[in-house]
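Results of the structural survey
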Amino acid sequence: MDSSIAEQQRILASDWGGGRSPFGTSWSKFMMWIFIVSDALTFAAFLIAYGFMRSISPEWPKQTEVFNMVLITFMTFDLISSSAVMAMAVAAARASNPKRAVQFLALTIVGGLIFLGCQAFEWTHFIEEGATLTHNPWGVPQFAASFFVITGFHGFHVFSGVTILAIVAIRAAMGKYSADGVENAGLYWHFVDVVWVFVFAFYYLL
Amino acid sequence: MAEHHDEHSISYKTYIKTWVWLLVLTAIALGVGYAPINEKLKALLLVGTTLMKILVIAAVFMHLRYERINLILITFAPLILAIVMFAFTFPETLGTATHVLRVR
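Everything numeric in this text was worked out from a predicted model, so none of it was measured. (Residues numbered from 1 in each chain as written. Chains lettered and ligands numbered in written order. Predicted model: local features only at pLDDT ≥ 70, side-chain atom pairs only at ≥ 80, totals over all residues. Heavy atoms only, no water.)

With respect to the helices and strands, Thr 49 of chain B occurs in helix H3 (residues 39-61). Dropping the residues within four chain positions of it, Thr 49 of chain B is found in contact with Ile 28 and Ala 29 of chain B. (Helix = DSSP H or I, 4+ residues; strand = E, 2+ residues; numbered from the N terminus. Contact = heavy atoms within 4.5 Å.)

Here is the structure:
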């Protein structure tokens, strides 16, 4: 009897006894992480499917000849830089400096918009050369299909990220500001950067 | 523990250093991409630089190194599932490739 009461008290005192956060985060940050993990699974499926299509294809166009690699490298640089600035925005928000946080957020948004502009340019060029979801001039249909699906899905994430960051920045400028909110938006933005790191390495460089 | 987590703040200098490292890793990946080496070695080196980059981004930018171990472990789920999916599909691609070769 004594030991079961002691056991009950031990559980109540532990992280799982209620009223505490077993993961040591706010609920919103934890939900953002769960979302990121599930979204990462989607991209993992896309990239594995791409790898599968590429392996069964007897040939594959040389990406460095099809795409403007200077532009792609610049886009990578742009996204990594905006990610670094976003991390600084979170630090400013944590240090209770909303003005600085808004400035960094604005810079991050500019980085995102530049990326989207480059992607629109790249897509336009690619489509003008005759690429569609099912056909393209380089002979392997899966080449353009995986390009449109993977970069399109990623580009939509960048667009959503810019929208979220704009909302967070406007709210911070209005004084409705929480460091947790900035951090959660930041986590999403870094995730978008992580996905691009994979796309850059496996779609463009491999 | 919880108090410690809320108080952590990384300096701007650390972020700038991390940014420089990420650019260096990107340059290495770019070099590997253009290097006239065996495709398998290239794939291996690109996987290596990519994993290093995402570890740096996750640990520093996403503050994962300040989180509890159970949250860190959750983030490995997609990587493990990707390996499982790869392990399931890759043998099949080998079969198909030989099939394609045989037909030709």
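As a further point, take unusual backbone geometry. Even without being a glycine, Ser 96 of chain A presents a positive backbone phi close to 55°. Relative to the elements of secondary structure, Ser 96 of chain A occurs in the loop between helix H4 (69-94) and helix H5 (98-128). Its relative accessible area of 58% is what places Ser 96 of chain A among the exposed residues. Located in the positive-phi region is His 63 of chain B, a residue other than glycine, with phi close to 60°. Structurally, the position occupied by His 63 of chain B is in the loop between H3 and helix H4 (69-74). (Buried < 20%, exposed > 50% of the residue type's maximum accessible area, 1.4 Å probe, protein only.)

Before going further, it helps to spend a moment on the interface of chain B and chain A. Listed per partner, the contact involves 46 residues of chain B and 51 residues of chain A. Between chain B and chain A, a total of about 4300 Å² is buried, with carbon and sulfur atoms accounting for 78% of that surface. The largest per-residue losses of area from chain B upon contact with chain A belong to Tyr 12, Met 62 and Arg 68 of chain B, which jointly make up 15% of the total buried on that side. Seen at the junction of chain B and chain A, the total is one salt bridge. The residue Glu 67 of chain B makes a salt bridge to Lys 29 of chain A at a minimum N-O spacing of 2.8 Å. (Buried area = accessible area lost by both parts, 1.4 Å probe. Salt bridge = Lys/Arg side-chain N within 4 Å of Asp/Glu carboxyl O.)

Considering all chains together, one arrives at five salt bridges over all chains under this definition. Residue Arg 94 of chain A is joined to Asp 180 of chain A by a salt bridge in which the shortest nitrogen-to-oxygen separation is 3.0 Å. Remark: Asp 180 of chain A occurs in helix H7 (residues 179-205) and Arg 94 of chain A occurs in helix H4; sequence separation between them is 86 residues. Of the residues examined, Arg 94 of chain A reaches a relative accessible area of 24% and is grouped as partly exposed. Classification of Asp 180 of chain A as partly exposed rests on a relative accessible area of 30%. Among the ionic pairs, Arg 94 of chain A bridges to Glu 183 of chain A, the shortest N-O distance being 2.4 Å. Remark: Glu 183 of chain A occurs in helix H7 and Arg 94 of chain A occurs in helix H4; sequence separation between them is 89 residues. Residue classification places Glu 183 of chain A among the buried positions, given a relative accessible area of 3%. Ionic contacts of the salt-bridge type, sharing partners, join the residues Lys 29, Arg 94, Asp 180 and Glu 183 of chain A together with Glu 67 of chain B into one network.

Throughout the structure, instances matching the rule amount to 33 aromatic pairs over all chains. Pairing Phe 67 of chain A with Phe 147 of chain A gives two aromatic rings, centres 5.2 Å apart and planes at 20°, and the pair type is stacked. One end of the pair, Phe 67 of chain A, is in the loop between helix H3 (63-66) and H4; the other, Phe 147 of chain A, is in helix H6 (residues 141-173), and 80 residues separate them in sequence. Here Phe 86 of chain B and Phe 90 of chain B contribute two aromatic rings whose centre-to-centre distance is 5.0 Å and whose plane-to-plane angle is 20°, an arrangement assigned as stacked. Of this pair, Phe 86 of chain B and Phe 90 of chain B are both found in helix H5 (residues 77-103), four residues apart, which corresponds to roughly one turn of the helix. (Phe/Tyr/Trp six-rings, centres within 6.5 Å; stacked < 30°, edge-to-face > 60°.)

The next thing to look at is H6 of chain A. The end-to-end C-alpha distance of H6 of chain A is 48 Å, a good match for the 48 Å that 33 residues give at a rise of 1.5 Å each. Phi for Gly 175 of chain A, located one or two positions after H6 of chain A, is positive at around 90°. (Expected span 1.5 Å × (residues − 1).)

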